[in-house]
Protein chains: 2
Amino acid sequence: MALKVYADRMSQPSRAVLIFCKVNGIDFEEILVDISKNQQFSPEYKAINPMHQVPAIVDGRFKLFESHAILIYICCAFPGVASHWYPSDLIKRAKIHSVLDWHHLNLRRGSAGIVANILMANIDGHRSYPQVVNQAEGILLKSLSKLENFWLKDGRFLVGGSQPSIADISLVCEIMELELLSEKDHDRILSPFKKVVQWIEDTKIATSPHFDEVHGILFKAQKRFRERMKTQSNLKAKL
Amino acid sequence: MALKVYADRMSQPSRAVLIFCKVNGIDFEEILVDISKNQQFSPEYKAINPMHQVPAIVDGRFKLFESHAILIYICCAFPGVASHWYPSDLIKRAKIHSVLDWHHLNLRRGSAGIVANILMANIDGHRSYPQVVNQAEGILLKSLSKLENFWLKDGRFLVGGSQPSIADISLVCEIMELELLSEKDHDRILSPFKKVVQWIEDTKIATSPHFDEVHGILFKAQKRFRERMKTQSNLKAKL
C-alpha cells in the first residue's frame, strides 16, 4: 500500500512534503484536505491528525503529522532517498535539526504573520492591525538577515555543500508564501537579501520540475490576489 | 575537553539540557549566560550563538544551538546515553520529532506568552494586555488538553512506554514555567489535567534528584514573585 500524504497545496509545509516525495520518486497517494472548505476539521481527518493541520501521512498503520518530522521519517524509512537530504553525519544532521527548530519561531512566525495579515486586510476587508503587521515584518526581516549572514555563509545551501537538505525545501516553501504579497511588498522585503534570493533559485532548480508544478496553485492565487488588490486600490483612488 | 553547555537556569530549554546531561552522567561544564544582565548579547556569546539565545553547546570545535537539536545531538554523540531517551526505532523516533515540533507553536507559545505577560504586569508594573494574555491562555489550555487526551493516551510518557524520552524533559521543563504564576492561577490552569499533572510527577521522579536541583532557581524566583504579588495586591486593596 502506497504512502498516503494528506495535504493542501495552499499550505507551505504540505508543499514541502509533496515536492520532497516527488523529487525522490516516492510511491505515494496525494489526498486533498481542502482548508478553504474546513476539511481539516472533519471527523475523518481528525482520526488522521487530531491537531487539524496539514500535512499528515499514513504509512501502513502509522500516522504522523508535523512536516519536519514527516520529512525526516521519509528520509529514514524509504531506502531510495539520497543521503544529502538528511545526512547520517552527526554534525550535518545536528545542523539540519537546528535550522528546522529555529524556523518555527522565526522565519515561519514572521512570514505567516505578515502574509495572513496583509492578505486579510487587502482581500477580505478585515480590519488591518498595523502593530501586528509591523511586528511580523520585523521578525521576518530579522530572519531573512540571519539566513543571509549566518545560515547561508558556508555555501549555496543551509548546511553548506552543493546539494540541498530537507531544511532547504522546508524553508524555501515558507518564503514562497511571500509571493502572495503585492509585487512591490515582495520585492521590498526580499531583494536586499541577495544570497537568499539566489538560494531560492538554487533550491527551485535542484527540485525542478516538481517545485513549480506543486506551486502552481500558489501562482494562480497570486494572480487573483494581485488583481483584486489593484481593483481595491483603484476604487479607493476614485473615492 | 568536556562538553560546554552555555545556559541560564531561568530559561526552560536551558534547564532541559542541563537536567538531561546530569541524568546521563555526561562530563560537561556549565557556563552561565546571565539573561538578566543581557549577557546573551555580548560579543563573546555572539560567537557561540549568533541568535543570542540560551542554551548552546560547544563540543570540541562544533557549536550548536536550539535545545531540541542539542538533546538529539547528545543522545547520538555520547555513547553512554540510554536508548529510551531517543530510541533508534523509526516510529518511536518519528513520534519524538512530531511532539517536539508541535511543542514550538503550541505549548511553548501558550506557556511563554502567559507567563511573560502576567509576570510583567504583576511585577514590573508594565501595562497588562488582557487580549494577549487571553490568547496565550487559550493556546496553553488547548495544548494541555492535547497532552491530556492525545499525547499521553498511550502511557505514562509522551511516546508511550514506561521510560521518558527527550520530549518529556523538554515539555515538562516548559510547563514548570507556570510555577511562576500565583498559586491560584497555577492550580486553575493545571489541575483539570490529571494525566498531565501525573506525567510531570513521573518525569520529576525519573530525573531525580537533578530535576529539583536544576529548578532550584525557579522555586526561589517563585517565592520572590508570589511575595511581591501579595504585597502589590495588599497595596491595591488599601488604596
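Remember, it's a predicted structure, so these values are computed and weren't measured experimentally. Residue positions are counted from 1 within each chain, in the order its sequence is given. Think of it this way: whatever chain is written first is A, whatever ligand is written first is 1, and the rest follow in order. Residue-level local features of this predicted model are given only where pLDDT is at least 70; pairs of side-chain atoms are given and counted only at 80 or more, and the full residue set underlies all totals for whole chains, interfaces and linings. Processing note: side-chain calculations cover all non-hydrogen atoms of the structure and skip hydrogens and water entirely.

Visitor: Help me understand the packing of aromatic side chains, please; the structure alone is not making it clear to me.
Guide: Note on aromatic pairs: each is described by the distance of the centres and the angle between the planes. A pair of Phe, Tyr and Trp rings is counted when the ring centres sit within 6.5 Å of each other, with Trp represented by its six-membered ring. The angle between the planes then sorts it: under 30 degrees is stacked, over 60 is edge-to-face, the rest tilted. Counted by the stated rule, this structure contains 14 aromatic pairs over all chains. For the ring pair Phe 150 of chain A and Phe 65 of chain B, a centre distance of 5.9 Å and an interplane angle of 45 degrees mean the geometry is tilted. Here Phe 150 of chain A is found in helix α6 (residues 130-151), whereas its partner Phe 65 of chain B is found in strand β4 (residues 62-65) on a different chain. Centroid distance Trp 151 of chain A to Phe 65 of chain B: 5.6 Å. Interplanar angle 50 degrees. Geometry classified as tilted. You can see Trp 151 of chain A sitting in helix α6 and its partner Phe 65 of chain B sitting in strand β4, one on each of two chains. Like Phe 65 of chain B, Trp 151 of chain A is buried. Ring-pair connections join several aromatic residues into one group, and the members of that group are Phe 65 of chain A together with Trp 102, Phe 150 and Trp 151 of chain B. Every helix listed is a DSSP run of H or I at least four residues long, and every strand listed is a run of E at least two residues long, numbered separately from the N terminus. Burial classification: accessible surface area is computed with a 1.4 Å probe over protein chains only, and a residue below 20% of its type maximum counts as buried, one above 50% as exposed, and the rest as partly exposed.

Visitor: Honestly, the side chain of Ser 14 of chain B in this entry has me stumped. Any pointers?
Guide: Residues and elements named next belong to chain B. Relative to the helices and strands, Ser 14 is located in helix α1 (residues 12-23). Contacts described as polar in this section are N or O atom pairs within 3.5 Å, which, within protein, must combine one atom able to donate a hydrogen with one able to accept it, while residues neighboring in sequence count only if both atoms come from side chains. Within polar-contact distance, the side chain of Ser 14 engages the backbone nitrogen of Asp 8 at 3.3 Å. Looking at Ser 14, its side chain comes within polar contact range of the side chain of Ser 11, at 2.6 Å. Residues count as neighbours in contact if any of their non-hydrogen atoms are within 4.5 Å of one another. Not counting residues within four places of it along the chain, the set of residues in contact with Ser 14 comprises Ala 7, Asp 8, Val 54 and Pro 55.

Visitor: Teacher, can you tell me more about the pairing of strand β3 (residues 56-59) of chain A here?
Guide: One face of the sheet, then the other: side chains in a regular strand alternate in exactly this way. All names here are of chain A. Bridging between strand β1 (residues 3-7) and β3 involves 3 bridges; their strand directions are antiparallel. From the neighbouring strand, Lys 4 faces β3, where its bridge partner is Val 58. Where β3 folds back onto strand β4 (residues 62-65) in an antiparallel hairpin, the turn is made up of 2 residues, including Gly 60, whose phi is positive at roughly 65 degrees. For two strands to pair, DSSP has to find at least two bridges joining them.

Visitor: What's the story with the UniProt feature "domain: GST N-terminal" (unreviewed entry) in chain A in this structure? I'm lost.
Guide: UniProt positions are given in the numbering used here, feature names are shortened, and annotations may be inferred rather than shown by experiment. The sites that UniProt annotates as "domain: GST N-terminal" (unreviewed entry) are residues 1-82 of chain A. A distance of 22 Å separates the end C-alpha atoms of residues 1-82 of chain A, which is 33% helix and 22% strand.

Visitor: How do you make sense of empty space enclosed by the protein when you look at a structure like this?
Guide: In this approach a probe as big as a water molecule rolls over the atoms, and the regions it shows empty are the leftover space. Using a 1 Å grid laid over the protein atoms alone, points where a 1.4 Å probe fits but cannot get out form a cavity; open sets with protein on both sides within 12 Å along at least 5 of 7 lines form a pocket; any residue with an atom within 4 Å of a point counts as lining. Grid points are joined across faces, edges and corners, and a volume is the space filled by probe spheres set on the points. Across all of its chains, the model carries 3 cavities of 30 Å³ or more by this definition. Estimates place the volume of the largest cavity at around 100 Å³. His 68, Ile 72, His 97, Leu 100 and Asp 101 of chain A together with His 68, Ile 72, His 97, Leu 100 and Asp 101 of chain B are the residues that line the largest cavity. The set of elements that each furnish at least two residues to the lining of the largest cavity consists of α3 (67-77) and α4 (90-105) of chain A together with α3 (67-77) and α4 (90-105) of chain B. Classes in brief: Ala, Val, Leu, Ile, Met, Phe, Trp, Tyr, Cys and Pro nonpolar; Asp, Glu, Lys and Arg charged; the others, Gly included, polar. Taken together, the residues that form the lining of the largest cavity break down as 4 nonpolar, 4 polar and 2 charged.

Visitor: When you look at the interface of chain A and chain B in this model, what are you seeing that I'm missing?
Guide: Often, the extent of an interface is quoted as the loss of accessible area on bringing the components together. Of the residues lining the interface, 28 residues belong to chain A; the matching set on chain B comes to 28 residues. When chain A packs against chain B, the two sides together hide about 2600 Å² of surface, and 75% of this comes from carbon and sulfur. Looking only at chain A, the three residues that lose the most surface to chain B are Met 51, Leu 90 and Asp 101 of chain A, adding up to 20% of its buried area. Here, a salt bridge means any side-chain nitrogen of Lys or Arg that lies within 4 Å of a carboxyl oxygen of Asp or Glu. At the surface where chain A touches chain B, the tally comes to 0 salt bridges. Joining chain A to chain B, the criterion identifies 8 residue pairs in polar contact (both at pLDDT 80 or more). For the side of chain A that touches chain B, the secondary structure elements donating two or more residues are β4, α3, α4 and α6 of chain A. A simple way to read buried area is as the amount of 1.4 Å-probe accessible surface that goes missing from two parts once joined, with both sides added.

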